[in-house]
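Structural overview for review
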Amino acid sequence: MNSKPGVKKTVDAGKKRLTPKLRFPEFRGEPGWEEYRFSDLYADGPTNTLSRDKLNYEAGNVRNIHYGDIHTRFQTLFDIAKEVVPFANPSEITHGPESMCLCAEGDMIFADASEDLEDVGKSIEIVALHGESLLSGTHTLFARRKGSSPVLGFGGHLFRSERIRKQIRKEAQGAKVYQISAKRLAGINVCLPSSPAEQRRIADCLSSLDELTAAHAQKLDSLRAYKKGLLQQLFPREGETVPRLRFPEFQGKPGWETTKLGERAAILKGRGISKADLDPTGAQACIRYGELYTRYAEIIREAVSRTKVPATELFLSKPGDVII
């Protein structure tokens, strides 16, 4: 492969190339993927430090990416027309957009901080801006392609791959909050196909799966909204003892009984399980409070974490217990 414009190849002549275990048939006879430093492919750019209170969702000329939205909201391939992106307050834009380093299609934006090691360095690729002005905001790292590779739409998936995610986690620093710096990101190894056609083929495949996932997510959201409506009707409202909606065989039956929770259950305070207490090979399954928000549905059938803390130091749950 000839070096691309603006890209310095780091693979030494004769060095073994990398070949994925799964490859589309039309590329199985092609050379292996080539390896680069991140800094060979991307140049870092400036970001701002605008906090949430300096952003709004009503009006403005310049939109702003907040790192929290990378963690919770934005799709891998960022199309501004499909995302809810806040504006920078006009008072914060002291110069015209032409004087700022605006995002362009093909840029990578990384969240440089996270309380969870798994999410540090989570990224999105800007693939469609539709003429809008966009800035990379607080706690983000802004990377712009030096050449034409990776092709548009491939970088987003590339930087979600486990090979790269593992390197980013290794380079992250911190205890309670993990961070990745531009300098450490610049040194990670990135491998990609020499053929732009193979990059596009992979990007198209993974993007189609993202679209399918999004369609199912919309159906799931509709079902959740339906369930929420049922909950409001199947349980009595404040001050009432009879639900608005009742199954036919219970219509005409007496109203529900009212009692205090403490009269029906013993309320115990569990022990805090820190990250240092976790051990995948630990003998005791445990449920951490944060997982109630992120990992579990209303019914817990199996704990996802284990701990080395002895069972004698914990409250052990039984079927039918409620964890709050």
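Everything numeric in this text was worked out from a predicted model, so none of it was measured.

Rules behind the numbers
- Residues numbered from 1 in each chain as written.
- Predicted model: local features only at pLDDT ≥ 70, side-chain atom pairs only at ≥ 80, totals over all residues.
- Heavy atoms only, no water.
- Buried < 20%, exposed > 50% of the residue type's maximum accessible area, 1.4 Å probe, protein only.
- Helix = DSSP H or I, 4+ residues; strand = E, 2+ residues; numbered from the N terminus.
- Pairing = 2+ DSSP bridges.
- pLDDT = per-residue confidence, 0-100.
- Contact = heavy atoms within 4.5 Å.

What follows is about the pairing of strand β9 (residues 123–128). Counting buried positions over the six residues of β9 gives six, a clear majority of the element. In terms of strand pairing, strand β5 (residues 77–79) meets β9 through three bridges, oriented parallel. The residue bridging L77 from the neighbouring strand is E125, located in β9. Both strand β7 (residues 108–111) and β9 contribute to a ladder of three bridges, which runs antiparallel. Directly across from F110, in β9, lies its bridge partner S123.

Let us look at unusual backbone geometry. Cis geometry is found at the peptide bond from S149 to P150, where omega equals 0°. Take P150: it is sitting in the loop between β11 (140–145) and α3 (155–158). Residues other than glycine seldom take positive phi values, yet H130 does so here, at roughly 55°. Of the residues examined, H130 reaches a relative accessible area of 55% and is grouped as exposed.

Of the residues in the chain, 94% reach a pLDDT of 70 or more, and the chain-wide mean stands at 90. Every residue in residues 1–5 scores below 50 in pLDDT, and together they form eleven contacts with partners more than four places removed in sequence or on other chains. Taken together, the stretch residues 11–15 has pLDDT below 50 and engages in three contacts with residues farther than four places along the chain or on a different chain.

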